[in-house]
Amino acid sequence: MNPKIKRIKIFWGMMIVFCVLSLSFFSDSRAIGIPLKAKRVFDGLTGGLITKTNLELFIDPPLQTAVNFDALQLANQFIIDNPGLFSIKSYHQLKGETYENPLGTRVNYQVFQNGTPILGFTIQLTVGVDHQVSIVSNEYHPIERVEMDERYFLSVNEILEEHNQRFKLSVADEDEGRESHIIIVGPSYAKAEMGTVVSVIEVGSKQKAPIEAVFSSKSGQLLARRVAKSEFH
Amino acid sequence: MRFTVFDMIVRLVGVLSFLTLMSCGRLVTECGGTPLNISHLTQIQRAAFTSNTKASLVIPNPLDATGNIGIQSMDSSLINALSDLFLPNLSAGSRLENNFLKVRINSINDSPEILATPNSNGQYAFPITDIHYGETMAYHSMNAIQTYVEALGFQTNKARPLFVMVNATGSTNNPEEVNAFYSHNYFDTTAPRTLKIYGDTAFSPRQDRDIYWHEFGHYLLESLTSDRGVDFAGDSGSIFSEGAAIHECIADYGAESLSGRGYLGRWIARNFSEFTAGSPLRSAEDKNDDFNNFSKVATFDSTKKNLNRYRIGEWCTRVLWDIRRQIVQENSNEGRFYADRMIFAAASLLKRDTSVTSLKSALLQADEQLNCGIHSHSVKNAFESRGFSSDIPALALPLKLKASIVWLRDERGQLTREFSVSFILTNPNSDRARNVRLILESTDARISPVVYQQSYGDLGSGKTVSVGGNSSLPIDYSVVGSVAPNQNYQGAPFNLRIKSENAPDAIIPGVL
């Protein structure tokens, strides 16, 4: 064989080996930090600019907020521009807060009706360095407006009486006198109502730890309860 | 010169490979994995902070600091194990607190006069058995792990303060009862987060950094996931769920990885008779026990031993430790930090009522976004090698349920307005059903699901779960619904749904 052709073949042979080795860089055993090909990851939300149809949508902080302006602004605009994805009812408000995360700046929204939080209704968006917005999670559901007229609400004592004194208020220092309200929604969204949150002890129970209980503010019905998890036994 | 077909192919492959090589020449940062400040992280990991305020502590606890498995907190030789440390980020030098973290003894409302204050040298230095030592350990530990997580790039939710009570009151009056509760106060959005430590023993948990780091992990996971309820069912009262197991897993992993020890709780385990002296409470490293293989921690049997979040939780830490070990092998100096970042990033992707399957997907997604997916094989292999396969056969038949309504009585024997269901649940398929759950769904406004979901793990072919009546499991292992006082609930409908990851849903309608 012509020595020149032989050299070319050896050269290309080496190139093939080198290239195979280079491709093996994609294998799992590479150290982090070595340059490699980037793969873009995006949820593929391409809604683009959609006409704002929900004019009463209220987002707090409003647009033009100075703190974390870019991420919050972009996330707010994303929600406004994509009513098909979120279907936010006009009587619901969103409050956004930004948090840094290596996967992109997170914007967490809590959902409220007239300032009362709706339990479990959260939306989390992420804003990448390229300003692309994608959904991390969306627990929002377009439920009916919840009755909030306090004239029809039971007091805590009235609620406890409804349960024949089965529960009594916790006397732990941090619980004393504490009472708050949330809107609580059933897992299947069949029911949403105002709940009164109190820390109670179940009378006669061996469990001495207070129960964080949610009762219907209107009927006293027990809607949710939570016992703090013990760590060891 | 003549070119053969072979030459042409060789040249074509060469050119393509060259182009591939060129396209490889992009930085990993383009995947989102920005470089970490390794020297800062290393300082945090070594507790090499600086500030105006000093403390004197045995780090991480007397047993691990001395290597003496028989040592007790009143042992005078412990004075030789004390280290001088700094307490950064204090709001004021005379209180162990800042805008977010607030250390107390008994309760949130402790009088300031009873709390620890520095000595005339500006130092928080107390005997190990002193309650103020526990306060100092609490501040140091919680601040250290908070700082570490932030240095990895995770900003946490500090909208509500976190109170740490190192000798909490309220649960029990028995000082021998050792425990720790983290409460996110999920329902009461006006309440602070609380961490309550119980137990005034010779091996008190307040003297152990591991306990604080583990409990911080619960706060971290809720914060990273925007309170969306990684263990929503558990928060609502279910006895077991994979979400609860993953909560424990992430909390344990964070403590184990930051300490670099692969286990936790050797000190606190001295309080429990089932642990021999020097054994850890839980271990991410392999041991000769059940926690190396998924089927041993997840398969339902009548002993109900696997309806325990710590069993899948400990198995899960071993999976994460395998992944961490692989990344550390690749990069011995920095890998631990990159592993933690990837695993915490994955945790931030978990959805409501998460599962082991979801954790695996989240790890792959986080690796893809941070590292261009270069650890995908390690992640898959870690799960597979520990018995968790995603390639499980799809079952043809839904699970079978035979149920009846049980009205619950309170501790005084009086009927309540809550009902449950006793039932027999059977897997009629020829293979196991994965992550079996019973869900109470309300289809009528009169019924509210209180404990809306219970989980029973993996159910083998032909196996049954039997709850209530004379069954192996008490009615506490079932779902609970409520009706309003003084309201007619007769005829109110509901559904019982049986879910499994590889079987069709079964929906059984019911009527009160």
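Please read these numbers as outputs of a predicted model, since none were measured by experiment. Each chain carries its own residue numbering, running from 1 in the direction its sequence is written. All chains are assigned letters beginning at A, and all ligands numbers beginning at 1, according to the order in which they are written. Owing to the predicted nature of the model, reporting of local features is limited to residues with pLDDT of at least 70; listing and counting of side-chain atom pairs is limited to 80 or more, with chain, interface and lining totals taken over all residues.

**Some remarks on the overall build of chain B**
To be explicit about the condition: In this text, helices come from DSSP runs of H or I with a minimum length of four residues, and strands from runs of E with a minimum of two, each type numbered from the N-terminal end. Each radius of gyration is computed over the set of C-alpha atoms, and the globule rule expresses the reference value as 2.2 Å times the number of residues to the power 0.38.
Summing up its helical and strand segments, chain B has 12 helices and 18 strands in all. Against the globule reference of 24 Å for 512 residues, chain B gives a C-alpha radius of gyration of 26 Å, in line with a compact fold.

**Concerning the overall build of chain A**
Basically, it comes down to this: Three classes are used. A residue is buried when 20 or more other C-beta atoms lie within 10 Å of its own, exposed when 12 or fewer do, and partly exposed in between, with C-beta atoms placed from the backbone.
Looking only at helices and strands, chain A has 4 helices and 10 strands in total. Evaluated residue by residue, chain A yields a buried proportion of 38% over its 233 residues.

**A look at unusual backbone geometry**
Residue and element names in this part refer to chain B. Cis geometry is found at the peptide bond from Ile 59 to Pro 60, where omega equals 0°. Structurally, Pro 60 is set in the loop between β1 (54-57) and α3 (62-66). The phi torsion at Asn 89 lies on the positive side, around 70°, for a residue other than glycine. Judged by the 18 C-beta atoms lying within 10 Å of it, Asn 89 is partly exposed.

**Topic: the environment of Ala 151 of chain B**
All names here are of chain B. Rules: Contact between residues is assigned whenever the C-beta positions, reconstructed from backbone atoms, fall within 7 Å.
Relative to the helices and strands, Ala 151 is located in helix α4 (residues 131-151). For Ala 151, a count of 19 C-beta atoms within 10 Å translates into the label partly exposed. As for Ala 151 and Phe 240, which are separated by 89 residues in sequence, their C-alpha atoms are 34 Å apart. Setting aside residues no more than four positions away along its own chain, Ala 151 makes contact with Asn 37, His 40, Leu 41 and Ile 44.

**Some points on the nonpolar core**
Inclusion rule: Nonpolar cores are identified as sets of buried Ala, Val, Leu, Ile, Met, Phe, Trp, Tyr and Cys residues joined via C-beta atoms within 7 Å.
One finds Ala 75, Ile 183 and Val 214 of chain A together with Val 164, Cys 316, Ala 346 and Ala 366 of chain B to be the most contacted residues of the largest nonpolar core, which totals 179 residues. In this structure Ala 75 of chain A touches Gly 96, Val 107, Leu 125, Val 127 and Val 133 of chain A, once residues within four positions along its chain are discounted.

**As for the domain arrangement of chain A**
Residue and element names in this part refer to chain A. Heads up, the condition is: For the domains described, the bounds stem from an automatic or database domain assignment. Residue classes follow a fixed rule: Ala, Val, Leu, Ile, Met, Phe, Trp, Tyr, Cys and Pro count as nonpolar, while Asp, Glu, Lys and Arg count as charged, and any other residue, Gly among them, counts as polar.
Each assigned domain of chain A is listed here: domain 1 (1-39), domain 2 (58-138) and domain 3 (150-227). Taken together, the contact pairs 6 residues of domain 2 with 5 residues of domain 3. Counting residues per element, the side of domain 2 that touches domain 3 draws most heavily on strand β4 (residues 116-127), at 5 residues. Across the side of domain 2 that touches domain 3, the residue classes tally to 3 nonpolar, 3 polar and no charged.

**Here we look at the confidence of the model for chain B**
Residues and elements named next belong to chain B. Spelled out, the test is: A score between 0 and 100, pLDDT records how confident the predictor is in each residue.
Averaged over every residue, the pLDDT of chain B is 90; residues scoring 70 or more account for 93%. A low-confidence stretch, residues 18-29 (pLDDT under 50), is modelled with 26 contacts involving residues beyond four sequence positions or located in other chains. Here the complex is predicted with pTM 0.87, and the ipTM for its interfaces comes to 0.86.

**Re the sheet that holds strand β7 (residues 193-198) of chain B**
All names here are of chain B. To keep things clear, this is the line we draw: DSSP-based pairing: two strands are paired if at least 2 bridges between them are found. What counts as an axis is a line fitted to C-alpha atoms, over the stretch in contact for a helix, and the angles between N-to-C directions run from 0 to 180 degrees.
Pairing is mixed across the open sheet formed by 4 strands, whose spatial order is β3-β5-β7-β6. With one partner strand each, in any of the chains shown, β3 (101-104) and β6 (179-183) form the two edges of the open sheet. In this sheet, neighbouring strand axes are inclined to one another by 10° on average, regardless of whether the strands run parallel or antiparallel. Pairing of strand β5 (residues 162-165) with β7, which is carried by 4 bridges, proceeds in the parallel orientation. Residue Met 165 lies in a different strand from β7, and its bridge partner there is Lys 196.

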